[in-house]
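Each chain is listed here by its residues.
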Amino acid sequence: MNDGSDPQGPSQPVPLWTGPSRTPAAPRAQAPGELPAPAPAPAGSAPRNVTALLVRLHQEGYSGTVSVSGAPGGTIHLRNGLISAIETPGTPSVESALLKSGRIGDEGWASALAATQDVAGLGAALVGQGLVGETELEVLCTATIYEGAFAMALTRPDGWEVGAPAQTVLAGHPAQPQSVAEETARRLAFVTARWGSPGELARTRLRPSVTAERAAGRLAPRHTALLALANGRRTPRDLAFFLGRGLFAVMVDLIRMDELKLVQWEGDRRPAGRPSTAPRVPGAGATTGGSGAAPPPAGSLPRRVPGPRPQWAPGVKPGAAPTSPGGATGPEHPRHR
């Protein structure tokens, strides 16, 4: 998992999750039906970052949690060395996504919690009570793993602590740490190439532009929902929580909307030196042809004028939402951009 950008640093991704390790938490008594308590932290040299720690714990088949301190920080849930859930204040968790979207009500969630017998049984309780489908829940769990890793990668952590298993909704098919690391790197690279610093984008406030007002009624529902909530005081992270959507998925939509000039950033904050990828708009008095270019001066030789380049991710039809591992919206291979 690659780190995003330092708040004051360059927009290029840097090695993820570097920070000092902390003393592992003391194991507590194991409850009936609970996953085995974690063993003491591996002996030897301390891992250089969270990714290295996760790879080591994966090799040992470790079950427990890794609590990462910082802003936003978060908790990584491991089962047999695989990442089964990530919870962070940087992006909605499975609980937030289900409740904010209205898929499950507060009473239903409380009922599932009351019926849970062990730390790994919450998902089974949700499905068993008919509150959510098994496949739907699995897709959501997988998506939040990758979304959580991306959100945590936007800043450097202060440290981490290995602890006992904790109750949450776990994915039935956990992800390997290396797979999550590679996908996080692709997402960071995509945002950096198309907008600039991922960390800067996450905390920049925005509002609808004049162009968006003229395009009302002709936008995709998810774009309309974002514009309805963007009021000049909310950031992409705020919008993600309001809608119960992943932070990266929201960022991808906002980047596309920015290229279509549908949003206005606070104080027109834009990364300096970033080349424009928005469609060309003819100036006043220009004659618009098939390519949107003005005719050549009189007496000059004819010139071939290339048509406009597609503004969407490679391999994705215009108007379709690209997808990437984990079920979240985004390009599959932004590194080829």
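Just so we're clear, the structure is a prediction, and the values are computed from it rather than from any experiment.

Undergrad: Can you help me understand the overall build of the protein chain in this one?
TA: Helices and strands together make up the secondary structure of the protein chain, namely eleven helices and six strands. For the protein chain, with 337 residues in total, the buried portion stands at 45%. In the protein chain, the proportion of contacts linking residues at least 24 apart, taken out of those at least 6 apart, comes to 70%. Counting only carbon and sulfur atoms, one obtains 53% of the accessible surface of the protein chain, whose full area is about 16400 Å².

Undergrad: I keep staring at the sheet that holds strand β1 (residues 64-69) and nothing clicks. Help me out?
TA: In sheet architecture, strand pairing relies on hydrogen bonds along the backbone and comes in two forms, parallel and antiparallel. Pairing in this open sheet of four strands is antiparallel, and the strands run β3-β2-β1-β4 from one edge to the other. Only two strands of the sheet have a single neighbouring strand rather than two, namely β3 (82-87) and β4 (159-163). Sheet twist, expressed as the average angle between the axes of neighbouring strands with direction ignored, equals 20 degrees. Sheet analysis places β1 next to strand β2 (residues 74-79), joined by five bridges and oriented antiparallel. The residue of β2 that forms the bridge with Gly 64 is Leu 78. Set on the sheet, helix α5 (residues 134-152) makes contact with β1, β2 and β3; between it and β3 the angle comes to about 65 degrees.

Undergrad: Whenever I open this one, the packing of α5 against helix α6 (residues 177-194) confuses me. Can you help?
TA: The description of two helices packed together rests on the angle between their axes and the distance between the axes. Across the interface, α5 lies against α6 with an axial gap of 9 Å and an inter-helix angle of 60 degrees. Our classification of the angle between α5 and α6 gives oblique. Crossing of α5 over α6 shows right-handed handedness. Listed contacts from α6 to Ile 145, Tyr 146, Glu 147, Ala 149 and Phe 150 of α5 are Ser 179, Val 180, Glu 183, Thr 184, Arg 187, Leu 188 and Val 191. Classifying every residue of the contact of α5 with α6 by side-chain character gives seven nonpolar, two polar and three charged.

Undergrad: How should I be thinking about the pattern of salt bridges in this particular structure?
TA: Across all of its chains, the model carries eight salt bridges by this definition. Linking Asp 253 and Arg 222 is a salt bridge whose minimum nitrogen-to-oxygen distance equals 2.9 Å. With a gap of 31 residues between them, Asp 253 in helix α11 (residues 247-259) and Arg 222 in helix α9 (residues 221-229) connect regions that are remote in the sequence. Judged by relative accessible area, which is 1%, Asp 253 ranks as buried. Arg 222 sits in the partly exposed class, given a relative accessible area of 24%. In this structure, Asp 253 and Arg 245 form a salt bridge, with 2.9 Å as the shortest nitrogen-oxygen distance. On the basis of relative accessible area, Arg 245 is assigned to the buried category, the value being 18%. What emerges from the salt-bridge pattern is a single network uniting Glu 183, Arg 186 and Arg 187.

Undergrad: How should I be thinking about the confidence of the model for the protein chain in this particular structure?
TA: Keep in mind that low pLDDT regions are not for reading the predicted coordinates in detail. Put simply, the protein chain has an average pLDDT of 75, and 66% of its residues get 70 or more. Within the model, the stretch residues 17-43 combines pLDDT values under 50 with 67 contacts to residues more than four positions away or in other chains. Note that residues 272-305 has pLDDT below 50 and, in this model, 23 contacts with residues that lie over four places away or in other chains.

Undergrad: Looking at this model, I keep getting lost on the side chain of Thr 65. Mind explaining?
TA: Here Thr 65 lies in strand β1. Of the polar contacts made by the side chain of Thr 65, one reaches the backbone oxygen of Ala 164; its length is 3.0 Å. With near-sequence residues (within four places) excluded, Thr 65 lies in contact with Thr 75, Ile 76, His 77, Glu 161, Val 162, Gly 163, Ala 164, Pro 165 and Ala 166.

Undergrad: Would you mind going over the packing of α5 against α11 with me for this structure?
TA: Running from N to C, α5 and α11 cross one another at 75 degrees; their axes reach a closest spacing of 8 Å. Overall, the two elements α5 and α11 adopt an arrangement that is roughly perpendicular. Taking contact as the criterion, the partners of Glu 147, Phe 150 and Ala 151 in α5 are, on α11, Leu 247, Phe 248, Ala 249 and Met 251. Residues of the contact of α5 with α11, tallied by class, amount to six nonpolar, no polar and one charged.

Undergrad: Sorry, what's going on with the pairing of β3 here?
TA: Each regular strand displays side chains that alternate between the two surfaces of the sheet. Of the pairings in the sheet, the one linking β2 to β3 comprises five bridges and is antiparallel in character. Counterpart to Thr 75 in the pairing with β3 is Glu 87. A loop of two residues connects β2 with β3, the two strands running antiparallel in sequence, and Asn 80 in this loop sits at a positive phi of about 55 degrees.

Undergrad: Would you explain the packing of aromatic side chains in this entry?
TA: Given two aromatic rings, one states the distance between the centres and the angle between the planes to describe the pair. Applying the stated criterion to the full structure yields three aromatic pairs. Their ring planes at 65 degrees and their centres at 5.2 Å tell us that Phe 150 and Phe 248 sit as a pair that is edge-to-face. In this pair, Phe 150 is assigned in helix α5 and Phe 248 in helix α11, connecting sequence segments 98 residues apart. The residues Phe 150 and Phe 248 share a single accessibility class, namely buried. When the centroid spacing of 6.3 Å and the interplanar angle of 75 degrees are considered together, the rings of Phe 190 and Phe 248 count as edge-to-face.

How each quantity is defined
Starting afresh in each chain, residues are numbered from 1 along the sequence in its written order. At least 70 in pLDDT is required for a residue's local features to be given in this predicted model, at least 80 for side-chain atom pairs to be given and counted, and no such filter applies to totals for whole chains, interfaces and linings, which use all residues. Based on all heavy atoms of the structure, the side-chain values leave hydrogens and waters out of the count. Put simply, DSSP marks the helices as runs of H or I at least four residues long and the strands as runs of E at least two long, and each gets a number from the N terminus on. Relative accessibility decides the category of a residue: with a 1.4 Å probe and only protein chains considered, values under 20% of the type maximum give buried, values over 50% give exposed, and everything between is partly exposed. Any two residues having at least one pair of non-hydrogen atoms within 4.5 Å are treated as being in contact. Each accessible area is a Shrake-Rupley estimate made with a 1.4 Å probe; only the visible protein chains count as cover when residues are assessed. The rule for pairing is simple: two strands pair if DSSP sees at least two bridges between them. A fitted line through C-alpha atoms represents every axis, and for helices the fit uses only the stretch in contact; the resulting angles, taken between N-to-C directions, go from 0 to 180 degrees. Here the word oblique covers every angle except those under 35 degrees (roughly parallel), over 145 (roughly antiparallel) and from 65 to 115 (roughly perpendicular). Left-handed describes a crossing in which the near helix is turned anticlockwise from the far one by less than a right angle; the clockwise case is right-handed. Charged residues are taken to be Asp, Glu, Lys and Arg, nonpolar residues to be Ala, Val, Leu, Ile, Met, Phe, Trp, Tyr, Cys and Pro, and polar residues to be all remaining types, Gly included. By salt bridge we mean one thing: a side-chain nitrogen of Lys or Arg within 4 Å of a carboxyl oxygen of Asp or Glu. pLDDT runs from 0 to 100 and stands for how confident the predictor is about each residue. Counted as a polar contact is a pair of N or O atoms within 3.5 Å, where, for protein atoms, one must be capable of donating a hydrogen and the other of accepting one, and residues adjacent in sequence contribute only when both atoms are in side chains. Each Phe, Tyr or Trp ring (for Trp, its six-membered ring) is paired with any other whose centre lies within 6.5 Å, and the angle between the two planes then decides the class: stacked below 30 degrees, edge-to-face above 60, tilted in between.

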